[in-house]
Amino acid sequence: MVFVRTTPPRPVDVAAVFPELAPLARPAIRLHPRPGSPSVGESSVGGPLLWPAEEPWPHCEASHLHVDSGFRRSPADVRLKRRIRARRHRDHNVRGTTPEEAAVKERNAAMLAERFAVGPPPADCPVPMLPVAQLYLRDIPLLRPPGQADLLQVLWCPYDHDPDHKPLIALFWRSAAEVGDILATPPEPYEVNDDGYLPEPCVLAPEAITEYPNSLDLSPQMRLMVEDWSRWQAAGVDVDSSEHADCPRDFYDVHLADAPGWKVGGWPPWGRTDPNPRFCTVCEVRMVPLLTIASYEWDGGEGRSWTPYEDQAAANATGHCCGQDPSQPTKVEVGSTDNMQIYLCPASSEHPHTDLIQ
C-alpha cells in the first residue's frame, strides 16, 4: 500500500521576495517516516536491512558502561511497552494486558532474568548496532552513491558516546543486486541507553521539496536583508498576524527556511547552536548534508505550518496521551538538539563520510 505526505506551500515565495537567496536554494527529500512493517526490499527507518548473510554484522568497538544510564531496558522490553501504550491510546476503556502481550511480557521477563543472572557484558565488549535507516536510490534520487551502489544503510550504537553524548553512527553503501542470502536474525544489543535510541520500524513517503538556509547560515549582509521590514512590505508580504511580526528573521526561519523532520539533502537545521561547517578530510571541500535524523517531524506552535496535509488532524488534536505523539512517529529522541546530520563530500561520494552531531 502506497501512502503519500504533502507539505503545504510556504506562505511566501522566498525567491520572489529575496531574489538574492535564489542561488542558495537546495533540493531536499522529506522522508516522512510513519509506523509500519517495511520489508528488506523497501526504504525504511528502523526496519530490517538487506544485509548479506555472509557479511559480519557491524558492532561498536568503543567502551560501554552498562549501568550508567539508569535506563537498562532490552530492545524487546521497549517494544512491548510501546505496543501496550499504542493499544491503550486506541482504546482508553481497555485495562490490563491482552493474552498476547502477557505472553510477550512473560517471555521478556524470563529473558531479563537470564540476562541479569549472567550479568551485563564487559564494558569493552563489542555492541551490535541497530538499524536506523535504509534508503534505496530508486526512492531517494538525491543520494549520490559511489560506484554501482544503489542502497544506503545507516546503523548506530544505542549508547551515548563522547564528545556529544549521542549514538555512534556507521554508514554502508551497497548494490542491492549483489546481495544473495539475507541475514534473517541480526544480533541485538544487551540494552539501549535510552528508549529514543531504538527507532520504530517505519515506512517512508518521500517528497521532493526546495529548501533555503537557516538565517544563521546566511552571510551577515543577507541576514540583515531578511531582517529588513521594508523589503517584506515592498513585496506585499503580510506577516502582521504572525507571532514573529516584530522579527521578520524569525518568520523566515520558522516558515521559509529548512524543513523539520527526517530528510535527505537540503540545509541543516540550526537554532540552539551556531552553524558548524564540516570540511572533507581528503579534499577540504565544505561538506553538505546527506541525511538528517530528527526527533520530531514538525515543531509546535507556528512550526506546525510544515505539517503535511495528511497529518494535520492528528497534529491539531488537543493533547497526546499514552506516550503517543503524532509528531514523533519514529520514537527517536536524539537529545536536547533533536537533530543529527550525516554529511557527504560534494566533490566525491567515495570520500569518507562525516557525521555531525548537534
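Residues numbered from 1 in each chain as written. Predicted model: local features only at pLDDT ≥ 70, side-chain atom pairs only at ≥ 80, totals over all residues. Heavy atoms only, no water.

## A short note on the overall build of the protein
Each helix and strand in the protein was counted, giving seven helices and 14 strands. Out of the 358 residues belonging to the protein, those deemed buried represent 48%. (Helix = DSSP H or I, 4+ residues; strand = E, 2+ residues; numbered from the N terminus. Buried < 20%, exposed > 50% of the residue type's maximum accessible area, 1.4 Å probe, protein only.)

## So, helix 6 (residues 248-256)
Within helix 6, seven of the nine residues are buried, which leaves the element mostly enclosed by the surrounding structure. Looking at helix 6, one finds that the buried residues are P248, R249, F251, Y252, D253, H255 and L256. Each element contacted by the buried residues of helix 6 is listed here: helix 1 (14-17), helix 4 (220-227) and helix 5 (229-234). (Contact = heavy atoms within 4.5 Å.)

## Description of the sheet that holds strand 3 (residues 44-45)
The six strands are arranged 2-9-3-6-7-8 in an open sheet whose pairing can be described as antiparallel. The open sheet terminates on both sides in strands that have one partner only, identified here as strand 2 (34-35) and strand 8 (166-174). As defined by bridge partners, strand 3 adjoins strand 6 (residues 130-136) across two bridges and the pair is classed as antiparallel. Pairing of S44 across the sheet is with Q134, part of strand 6. (Pairing = 2+ DSSP bridges.)

## A closer look at the pairing of strand 10 (residues 207-211)
By the alternation rule, side chains of strand 10 split into E207, I209 and E211, which are all buried, and A208 and T210, of which none is buried. Pairing analysis gives five bridges linking strand 1 (residues 26-30) to strand 10, with the strands arranged antiparallel. Bridged to P27 within strand 10 is T210.

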